[in-house]
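Structural characterization, general
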Amino acid sequence: MIKISHVSRIELEIRSLDALIAACNRLGFRFVKNQNTYKWYGRWIGDSPLPDGIRKQDLGKCDHAIKIPDCNYEIGVVKKGGIYILLWDSWESKLRLAVGNNGGILKQAYTQEAIKQHAKLKGYLVTEKKTEKGIRLHLHK
Amino acid sequence: MKEIIIDISDDGEISIETRGFKGKACLEESQFIKDLLGQELSSRLTPAYYETNKTQSKKYLKLCG
């Protein structure tokens, strides 16, 4: 029997633009480099908390954008320090469904791509499996 | 076999398990994933973490000549 030696929980931070672009391709989204605004309601009405480091006046502005088929609103990609923050208006149900609760579907795809790109360099083989609660990546060597 | 299992829930929650490692190697081997993905919120070490890779060797001494 193979024993578990340690278990960690991670708060995802988007650090690789390449992996984010690959995640968009995987999901059929279109990543638009250097698009400086993204479509949203246009006025913050306090229906969801602002992400850390983002002020009301920052909404609608971005460094890159993500377009999702059949959605009117877009996702803004904002560079803050060494990480990328995703901004979107979750009011549009199609957009909400496409990116998942709390952006989970996009986060899953990003994690898959980021791991796939780096695990091979470390000599690991990567396999993916759908589970009841999400996706499992299995790295082994 | 050395294994790292990464579970990503549909809500975007990530958990990592290491299997088949003994001692601190599991922390070293999985560090690149933590560096890649973000901040570690919690970590739990299991009894296998405290095991070592040392194998017991027996020495036999001649008792009579």
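Let us look at the structure shown here. None of these values were measured; they are calculated from a predicted model.

About the criteria used
Residues numbered from 1 in each chain as written. Chains lettered and ligands numbered in written order. Predicted model: local features only at pLDDT ≥ 70, side-chain atom pairs only at ≥ 80, totals over all residues. Helix = DSSP H or I, 4+ residues; strand = E, 2+ residues; numbered from the N terminus. Buried ≥ 20, exposed ≤ 12 C-beta atoms within 10 Å, placed from the backbone. Contact = placed C-beta atoms within 7 Å. Expected span 1.5 Å × (residues − 1). Nonpolar A, V, L, I, M, F, W, Y, C, P; charged D, E, K, R; others polar. Pairing = 2+ DSSP bridges.

1. A closer look at the overall build of chain B
- Across its full length, chain B holds one helix and three strands.
- Counted from the first residue to the last, chain B has its helices and strands arranged as β-β-α-β.
- Put simply, chain B has 65 residues, and 22% of those count as buried.
- Long-range pairs, those at least 24 residues apart, make up 37% of the contacts in chain B between residues at least 6 apart in sequence.

2. Observations regarding the overall build of chain A
- Secondary structure assignment for chain A yields three helices and seven strands.
- The linear arrangement of helices and strands in chain A, starting from the amino end, is β-α-β-β-β-β-α-α-β-β.
- For chain A, the residues scored as buried account for 32% of the 141 residues in total.
- Considering only intrachain contacts with a sequence separation of at least 6, the fraction spanning at least 24 residues in chain A is 52%.

3. Things to note about helix 3 (residues 104–119) of chain A
Residue and element names in this part refer to chain A.
- Between its terminal C-alpha atoms helix 3 stretches 22 Å, which fits the 22 Å expected from 16 residues at 1.5 Å a residue.
- The buried fraction of helix 3 is high, at 12 of 16 residues.
- For helix 3, the set of buried residues is I105, L106, K107, Q108, A109, Y110, T111, Q112, E113, A114, I115 and A119.

4. What about the interface of chain B and chain A?
- Each partner contributes residues to the interface: chain B has 39 residues there, and chain A has 35 residues.
- Secondary-structure elements contributing two or more residues to the side of chain B that touches chain A are strand 1 (3–9), strand 2 (14–19), helix 1 (25–37) and strand 3 (38–45) of chain B.
- The leading source of residues in the side of chain B that touches chain A is strand 3 of chain B, at eight residues.
- Split by residue class, the side of chain B that touches chain A holds 18 nonpolar, 10 polar and 11 charged.
- Looking at chain direction, strand 7 (residues 134–140) of chain A and strand 1 of chain B are connected through seven bridges and run antiparallel.

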